[in-house]
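Fold and geometry: a report
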Amino acid sequence: MKFKELLISLSLLTQKMNNHNYWMQNLIELLKKEISNSVEVPVGAMIVDKGKILSTAFNKREETNLATAHAEILAINSANKTLDSWRLTDTTIYITLEPCSMCLGAILNARIKNIVFASFDYKTGSLGGKYNMLNYVSNDINVISGICADENSKILSEFFKKVRK
């Protein structure tokens, strides 16, 4: 491979790794595998740092009987262990559903810099779905919503149709 081709290849790889659609699609594909026979509400979270996945987690409230076993909390705990630090400074958390206030608090406390989520949660969402808690937060945090929202909404709709039957 010539040097110029290598540079182009590296450039494309860097763009891919920094692309929110790429990471969210990756998370949704993992979520689809996770929920095949699950009774959990299908929510996944992934924490990425400099193009590397630190952790991936999915809701486990039914399995663990723990109210705090949300995907975001589990992903944060796992990433803390991976980095051997409670600080997840400058990382990005990808979440398939808008975080609730508990999860937003954990994200802020972990010093996560970027929150990217697919679908709004109009029952408990804390970033515009139900509440907009960032109005009360002094942290400098970036929020991007709606990434792969249509695909994720279908997953949620199918799950709740199945639950209602």
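Residues numbered from 1 in each chain as written. Predicted model: local features only at pLDDT ≥ 70, side-chain atom pairs only at ≥ 80, totals over all residues. Heavy atoms only, no water.

1. Notes on empty space enclosed by the protein
Cut-off, in case you're wondering: Lining residues are those with an atom within 4 Å of a point, where the points come from a 1 Å grid over the protein atoms alone and group into cavities, where a 1.4 Å probe fits but cannot get out, or pockets, open sets with protein on both sides within 12 Å along at least five of seven lines. Grid points are joined across faces, edges and corners, and a volume is the space filled by probe spheres set on the points. Think of it as three bins: nonpolar holds Ala, Val, Leu, Ile, Met, Phe, Trp, Tyr, Cys and Pro, charged holds Asp, Glu, Lys and Arg, and polar takes everything else, Gly as well.
Overall, the coordinates contain one cavity of 30 Å³ or more when judged by the stated rule. When its volume is computed, the largest cavity comes out at roughly 40 Å³. Lining the largest cavity, in full, are Leu-31, Glu-34, Ile-35, Ser-38, Glu-40, Val-41, Pro-42, Val-43, Phe-58 and Asn-59. By residue class, the composition of the lining of the largest cavity is six nonpolar, two polar and two charged.

2. Brief notes about the environment of Ala-69
To be explicit about the condition: Helix and strand assignments come from DSSP, with helices taken as H or I runs of at least 4 residues and strands as E runs of at least 2, each series counted from the N terminus. Partly exposed residues are those whose accessible area sits between 20% and 50% of the maximum for their type, while under 20% is buried and over 50% is exposed, using a 1.4 Å probe and protein chains only.
Secondary-structure assignment places Ala-69 in the loop between α3 (61-64) and α4 (71-83). Among the residues examined, Ala-69 registers a relative accessible area of 3% and is labelled buried. Spatially, the C-alpha atoms of Ala-69 and Ala-57 are 9.7 Å apart, while their sequence positions differ by twelve residues.

3. Things to note about the nonpolar core
As a reminder of what qualifies: By nonpolar core we mean a set of buried residues, namely Ala, Val, Leu, Ile, Met, Phe, Trp, Tyr and Cys, connected to one another through side-chain atoms within 4.5 Å. Contacts are residue-level and defined by heavy atoms, with any inter-residue pair within 4.5 Å sufficient.
Counting 27 residues, the largest nonpolar core has Ile-47, Ile-76, Ile-93, Ile-95, Ile-107, Ile-112 and Ile-115 as its most contacted members. Those residues in contact with Ile-95 that lie beyond four places of it in its chain are Met-24, Leu-27, Val-43, Gly-44, Ala-45, Glu-72, Ile-107, Ile-115, Val-116, Phe-117 and Ala-118. Formed by 15 residues, the second largest nonpolar core is a distinct cluster that contains Met-24, Leu-27, Leu-31 and Val-48.

4. Notes on the confidence of the model for the protein
Where we set the bar: Scored from 0 to 100, pLDDT records how confident the predictor is in each individual residue.
Residues with a pLDDT of 70 or more make up 88% of the protein, whose mean pLDDT is 88. Considering each helix and strand of the protein separately, the mean pLDDT is smallest for helix α1 (residues 3-17), with a value of 53, and largest for α4, with 98.

5. Examining helix α2 (residues 20-34)
Under the convention used in this document: To estimate the expected span of a helix, subtract one from its residue number and multiply by 1.5 Å. Here, the arc refers to the directions that run from the helix axis to the C-beta atoms. We call two N or O atoms a polar contact when they sit within 3.5 Å, provided that within protein one can donate a hydrogen and the other can accept it, with sequence-adjacent residues counted only if both atoms are side-chain atoms.
Its 15 residues place the ends of α2 21 Å apart at the C-alpha level, agreeing with the 21 Å of an ideal helix rising 1.5 Å per residue. Residues Trp-23, Met-24, Leu-27, Ile-28 and Leu-31 constitute the buried set of α2. Taken end-on, α2 shows its buried residues confined to a sector of 135°, consistent with a single buried face. The residue sitting at the N-terminus of α2 and contributing the capping side-chain oxygen is Asn-19; that oxygen lies 2.7 Å from the backbone nitrogen of Asn-21.

6. So, unusual backbone geometry
Non-glycine residue Arg-111 carries a positive phi angle of around 70°. Position of Arg-111 relative to the elements: it lies in the loop between α5 (101-109) and β4 (114-119). Owing to a relative accessible area of 40%, Arg-111 belongs among the partly exposed residues under this scheme. The phi angle at Cys-148 is positive, at roughly 60°, despite the residue not being glycine. Within the secondary structure, Cys-148 sits in the loop between β5 (142-145) and α6 (149-164). Its relative accessible area of 17% is what places Cys-148 among the buried residues.

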